[in-house]
Amino acid sequence: MPRPVNTEKRAELLRQVVHHLQHHGLAQMSLSPLAEAIGTTKRMLLYYFGSRENLLAQALAANRPDAGRMFGDVQDTAGLQRAAQALWEAMTVGEQAGAIRMLLQLLSLAATEPEQYGDLAADTVEVMIDPIAAACVRLGDSPQQARARATLVVSGLRGLCQDRLVTHDVARTDAAAHRLIEYAVAEPG
């Protein structure tokens, strides 16, 4: 009978992996050097996470804003605007702000190495779009319109995060995010 997984040890390893990936990137992530860098072994990483792909997926999941929580109670346009603003703040100044670098790297890698990163990148995008689209459907959008609106919010804010990382222009990107959110949540018509 296998011994039960030490959830505290697993959580600590995941925290260390995330910290390492935020500072060193995803492109050349290999389990042996990663394990050495965080003071463990490749065997332990495989024991706790199963595979490199699963470890990467869990590292990304552990660090993205919880869009389901943010958009789950949206019942009106003002609530949608507040939730979108909370998403922007989580991506730029909240505790998940460091994760945006990992996400942007993943999306870039998916474009150049789709067989290795494509599915994970697509899942990572969908996990953000789905709860926002569900909120938009509650506000009266058709499912197709809701997904388009959610895509505008997610992809637009993500693009502004990339701009901010490159230019360090906080005021301009905050102003642009405010305008994007205002436009994206406006009632149709």
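Everything here concerns the structure above.
Note that the structure is predicted; figures quoted are calculated from it, not measured.

1. Some words on the overall build of the protein chain
- In terms of helices and strands, the protein chain carries 10 helices and zero strands.
- If you list the helices and strands of the protein chain from N to C, you get α-α-α-α-α-α-α-α-α-α.
- Projecting the C-alpha coordinates of the protein chain onto the three principal axes gives extents of approximately 60 × 40 × 30 Å.
- Every one of the 189 residues in the protein chain was classed for burial, and the buried ones make up 41%.
- By element, 53% of the accessible surface of the protein chain is carried by carbon and sulfur atoms, the whole surface being about 10400 Å².
- Across the protein chain, the mean location of the 18 positive side-chain charges is 5 Å away from that of the 21 negative side-chain charges.

2. Thoughts on helix H7 (residues 99–112)
- In this model, H7 (14 residues) spans 20 Å end to end at C-alpha, consistent with the 20 Å of a helix rising 1.5 Å per residue.
- Along H7, the residues that are buried comprise Ala99, Ile100, Met102, Leu103, Leu104, Leu106, Leu109 and Ala110.
- Buried-residue contacts for H7 involve helix H1 (7–24), helix H4 (52–63), helix H6 (77–92), helix H8 (114–138) and helix H9 (143–167).

3. Thoughts on the packing of H7 against H9
- Where H7 contacts H9, the axes come no closer than 11 Å and their chain directions differ by 110°. Looking at the two axes, H7 sits roughly perpendicular to H9. In this structure, H7 uses Ile100, Arg101, Leu103, Leu104 and Leu107 to contact H9, whose residues at the interface are Arg158, Cys161, Gln162 and Leu165.
- Class assignment for the residues of the contact of H7 with H9 results in six nonpolar, one polar and two charged.

4. Section: the pattern of salt bridges
- Counted under the stated rule, the structure contains seven salt bridges.
- Across the pair Glu126 and Arg147 runs a salt bridge whose closest N-O atoms are separated by 2.7 Å. Here Glu126, found in helix H8, pairs with Arg147, found in helix H9; they are 21 residues apart in sequence, far enough to count as distant.
- Salt bridges linked by common partners bring Glu126, Asp130 and Arg147 together as one network.

Calculation rules
Residues numbered from 1 in each chain as written. Predicted model: local features only at pLDDT ≥ 70, side-chain atom pairs only at ≥ 80, totals over all residues. Heavy atoms only, no water. Helix = DSSP H or I, 4+ residues; strand = E, 2+ residues; numbered from the N terminus. Buried < 20%, exposed > 50% of the residue type's maximum accessible area, 1.4 Å probe, protein only. Areas by Shrake-Rupley, 256 points an atom, 1.4 Å probe, with all protein chains shown as cover. Lys, Arg positive; Asp, Glu negative; His and termini not counted. Charge placed at Lys NZ, Arg CZ, Asp CG, Glu CD. Expected span 1.5 Å × (residues − 1). Contact = heavy atoms within 4.5 Å. Axes fitted to C-alpha atoms, helices over the stretch in contact; angles between N-to-C directions. Parallel < 35°, antiparallel > 145°, perpendicular 65-115°, else oblique. Nonpolar A, V, L, I, M, F, W, Y, C, P; charged D, E, K, R; others polar. Salt bridge = Lys/Arg side-chain N within 4 Å of Asp/Glu carboxyl O.

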